[in-house]
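Survey of secondary and tertiary structure
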Amino acid sequence: MSTSDPSSTLAATLVVLDLLGIFVFAISGALVAVRKDLDVFGVIVLAGVTGLGGGFLRDVLIGAVPPAALADWRYLLVPLAAGLVTFVHHPALGRMERTVTVFDAFGLSLFCVAGALKALDYGLGPLPAALLGMATGVGGGMVRDVLAGRVPVVFRGELYAIPALAGGAVAVVGVRADLPTVAVSVAGAAVCLAWRLLAVWRGWQAPLPRGSASV
Amino acid sequence: MSTSDPSSTLAATLVVLDLLGIFVFAISGALVAVRKDLDVFGVIVLAGVTGLGGGFLRDVLIGAVPPAALADWRYLLVPLAAGLVTFVHHPALGRMERTVTVFDAFGLSLFCVAGALKALDYGLGPLPAALLGMATGVGGGMVRDVLAGRVPVVFRGELYAIPALAGGAVAVVGVRADLPTVAVSVAGAAVCLAWRLLAVWRGWQAPLPRGSASV
Amino acid sequence: MSTSDPSSTLAATLVVLDLLGIFVFAISGALVAVRKDLDVFGVIVLAGVTGLGGGFLRDVLIGAVPPAALADWRYLLVPLAAGLVTFVHHPALGRMERTVTVFDAFGLSLFCVAGALKALDYGLGPLPAALLGMATGVGGGMVRDVLAGRVPVVFRGELYAIPALAGGAVAVVGVRADLPTVAVSVAGAAVCLAWRLLAVWRGWQAPLPRGSASV
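Worth saying up front: this structure is predicted, and the values here are computed from it rather than measured.

As a further point, take the interface of chain B and chain A. At the interface, 28 residues of chain B touch 30 residues of chain A. Summing both sides of the interface, chain B and chain A together bury roughly 2200 Å²; the carbon and sulfur share of this comes to 73%. It is D37, D39 and F41 of chain B in chain B that bury the most area against chain A; as a group they hold 29% of the surface buried on that side. Inspection of the region where chain B meets chain A yields zero salt bridges.

Following this line, the structure appears as structure tokens:
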């Protein structure tokens with residue numbers, strides 16, 4: 001996260017949460033790679049792209065280069081570890097799909113808020129900042145799917161991007177209303193998390209076009 | 001467009017043309033998404049990527065970040081509107097394919113000239129500027145096709161990129177010859193538009209390799 | 001290469017090697033395009049993307065924009081020439097696949113070292129610099145494969161990226177140990193080249209996940 005906080009305990013907590021989000025995203029990327037029969041390099045690249053790709057996309061677009069993850073070796077080792085763990089233990093991880101989905105929702109909630117706040121920090125307006133928050137959350141998974149040779153699952157009716165946009169928007173509106181960053185971050189992440197988990201548990205889907213073969 | 005003009009009427013005209021080009025490109029992206037049975041989020045993302053992707057690609061490569069479209073909400077709302085309109089009215093828009101193709105040729109003509117001039121403004125040489133003009137015109141559609149899971153149609157014999165390169169090249173040569181920007185822009189766009197529309201109407205194709213299965 | 005050398009003969013040699021690497025990569029991209037029945041524009045774009053894409057990716061991530069290749073027309077004409085030569089003479093080039101593979105290994109060796117040294121020059125740490133060296137070597141081929149509608153071959157068991165990472169790592173460690181740049185570059189490139197050629201000749205493969213259908 002790009003926000004500076006008075007409490008260094010809080011700052012450390014945020015780094016841990018950020019790394020945890022990257023770890024979970026990276027596992028989801030590595031599982032896709034394993035299912036596509038990719039080799040160990042493909043597994044690690046998809047882990048890295050899924051965990052870090054959304055942040056890279058955001059940082060390149062707002063001019064924050066080199067991206068933070070390239071200046072901090074912890075951000076590089078976490079997806080590497082996730083890729084290797086998945087490469088070896090994928091049968092067990094594949095059976096924990098429900099757990100991975102829940103952790104993934106946590107990752108999404110953190111990323112959409114962190115992405116939106118960083119975009120505001122770099123001077124972007126509220127609408128682009130909320131959109132970049134969403135892109136931070138969903139961008140890594142989109143690149144993962146393109147590299148794995150499939151249409152991004154986030155386009156396939158899964159209610160995933162809209163909660164991320166909502167979380168980013170809540171954070172942006174809160175910051176513009178001069179509310180404390182911590183409260184705003186928690187509120188944005190909570191909105192995204194609750195909406196996403198409800199969508200998973202209730203099977204909510206994003207609308208498909210009329211006449212779609214999938215309807 | 002990045003060129004500053006004495007007449008504010010002209011500047012306003014250019015913005016309107018630019019937004020119109022983005023709108024038409026965005027409709028083409030949304031139609032591809034609908035045909036691939038993507039959900040409403042996929043439709044809007046493909047609309048946005050097709051309308052804005054070429055400009056984003058150019059801006060990231062020349063260092064003009066954040067891209068202009070992220071600093072102006074009109075550039076974000078236009079593809080959103082195009083995506084929603086297409087999501088709801090795609091059967092009618094699908095029947096207007098010929099009309100969409102003609103408008104798309106206008107968009108291509110505007111984008112290749114605007115992209116080339118912006119690259120010149122950022123200090124690039126004539127050859128890269130003309131190439132970036134072409135990339136501005138065709139880049140969004142290429143990303144659209146990759147995200148939709150198909151090989152870019154611009155590689156499939158459609159005569160599309162060469163007119164865009166020609167339009168950008170005319171604009172670059174004109175600026176280097178110190179001709180007035182307006183005249184140069186109109187000339188470049190006219191070359192691209194005429195060539196593209198002739199290609200559509202006459203069925204001109206780009207050459208395929210010898211022995212190609214498609215020949 | 002971004003490193004400045006006292007001897008202008010050496011500098012000229014490096015430019016020639018760099019252009020040769022781009023040429024060979026571009027031919028590999030153009031051959032993929034021909035096999036996918038793409039038109040002449042697709043052949044040239046895949047040539048350009050394969051030859052220059054890895055460097056573009058690196059330059060955008062480290063903030064070295066516009067990328068060097070956009071400021072030097074030779075870097076644009078080389079892939080254009082490679083694309084056109086392949087478009088016309090692809091049956092002959094297709095029969096020279098073994099030769100192309102050997103030259104491609106030379107290109108990979110140059111790119112991983114040049115990419116890692118440029119990243120160091122831009123202030124990145126050793127781990128990200130070595131990774132960006134690898135990305136410079138393999139990134140162009142990955143974008144080529146995505147545009148051609150296939151999963152990157154570098155994920156499919158081919159031992160290709162690991163030698164590039166090793167070459168970049170050797171160069172980075174050497175520079176950090178204050179060894180002369182020339183010696184370090186030669187050592188890094190030699191490690192990558194030897195490993196890659198041995199892998200080709202002995203049929204070494206990267207490990208696949210347990211239970212993979214390809215095992």
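Turning our eyes to something else, we now look at the state of the cysteines. All names here are of chain B. Here the structure, examined in full by the defined rule, presents zero disulfides over all chains. Not engaged in a disulfide, the cysteine C112 finds its nearest cysteine sulfur in C192; these two sulfurs lie 3.9 Å apart. On the accessibility criterion, C192 (0% relative accessible area) is buried.

Glancing now at the relation of the copies chain A and chain C. Between chain A and chain C, which share one sequence, the superposing operator has a rotation angle of 120 degrees and an axial displacement of 0.0 Å; the RMSD is 0.0 Å. Such a combination of rotation and displacement between the chain copies is what one expects of a three-fold axis. When the interface residues of chain A are mapped onto chain C, a mere 7% of them again fall at the interface, so the copies present different faces.

Here we come to the side chain of R58 of chain B. Among the structural elements, R58 of chain B can be located in helix α2 (residues 40-62). With residues near it in sequence (within four places) discarded, R58 of chain B still touches A114, G115, K118, L132 and T136 of chain B.

The interface of chain A with chain C comprises 28 residues on the first partner and 30 residues on the second. Counting the contacts that link chain A with chain C gives six residue pairs in polar contact (both at pLDDT 80 or more). Of all the secondary structure elements, the ones that give two or more residues to the side of chain A that touches chain C are α2 (40-62), α3 (73-95) and α5 (126-147) of chain A. Among the elements that line the side of chain A that touches chain C, the one with the most residues is α3 of chain A, at eight residues.

By a simple turn and slide, chain B fits onto chain A: the slide is 0.0 Å along the axis, the RMSD is 0.0 Å, and the turn is 120 degrees. The fraction of interface residues of chain B whose copies in chain A are also interface residues is only 7%, indicating that the copies meet through different surfaces.

Residue and element names in this part refer to chain A. Per the UniProt record, "domain: Glycine transporter" (unreviewed entry) is found at residues 16-90 and 102-173. Structurally, residues 16-90 comprises 81% helix and 0% strand, and the distance from its first C-alpha atom to its last is 24 Å. For residues 102-173, helix accounts for 76% and strand for 0%, while the C-alpha atoms at its two ends are 26 Å apart.

Let us now look at helix α4 (residues 97-121) of chain A. Its 25 residues place the ends of α4 of chain A 35 Å apart at the C-alpha level, agreeing with the 36 Å of an ideal helix rising 1.5 Å per residue. Phi turns positive, to about 90 degrees, at G123 of chain A, one or two residues after α4 of chain A.

Residues and elements named next belong to chain C. The geometry of helix α5 (residues 126-147) relative to helix α6 (residues 161-176) is characterised by a closest axis approach of 8 Å and an angle of 140 degrees between their N-to-C directions. In terms of their interaxial angle, α5 and α6 are classed as oblique. Two packed elements cross with a definite hand, and for α5 against α6 that hand is right-handed. Along the contact surface, α5 presents P126, A129, A130, L131, M134 and V138, while α6 presents A161, A164, L165, G168, A169, V172 and R176. Taken together, the residues of the contact of α5 with α6 break down into eleven nonpolar, one polar and one charged.

Let's shift gears to the pattern of salt bridges. The final tally for this structure, using the stated rule, is 21 salt bridges over all chains. For the salt bridge of D59 of chain B with R58 of chain B, the shortest nitrogen-to-oxygen distance reads 2.9 Å. R58 of chain B shares its class with D59 of chain B; the two are buried. Residue K118 of chain C pairs with D59 of chain C through a salt bridge whose shortest N-O separation is 3.2 Å. Residue K118 of chain C is found in helix α4 (residues 97-121), and its partner D59 of chain C is found in helix α2 (residues 40-62); the two are separated by 59 residues along the sequence. Owing to a relative accessible area of 10%, K118 of chain C belongs among the buried residues under this scheme. By relative accessible area, D59 of chain C is classed as buried at 2%. Bridged by salt links that share partners, the residues R58, D59 and K118 of chain A form one connected network.

Conventions we followed
Residues numbered from 1 in each chain as written. Chains lettered and ligands numbered in written order. Predicted model: local features only at pLDDT ≥ 70, side-chain atom pairs only at ≥ 80, totals over all residues. Heavy atoms only, no water. Contact = heavy atoms within 4.5 Å. Buried area = accessible area lost by both parts, 1.4 Å probe. Salt bridge = Lys/Arg side-chain N within 4 Å of Asp/Glu carboxyl O. Disulfide = S-S within 2.5 Å. Buried < 20%, exposed > 50% of the residue type's maximum accessible area, 1.4 Å probe, protein only. Least-squares fit on C-alpha atoms with pLDDT ≥ 70 in both. Helix = DSSP H or I, 4+ residues; strand = E, 2+ residues; numbered from the N terminus. Polar contact = N/O pair within 3.5 Å; in protein donor to acceptor, adjacent residues only side chain to side chain. UniProt positions renumbered as here; feature names shortened; annotations may be inferred. Expected span 1.5 Å × (residues − 1). Axes fitted to C-alpha atoms, helices over the stretch in contact; angles between N-to-C directions. Parallel < 35°, antiparallel > 145°, perpendicular 65-115°, else oblique. Left-handed = near helix turned anticlockwise from the far one by under 90°. Nonpolar A, V, L, I, M, F, W, Y, C, P; charged D, E, K, R; others polar.

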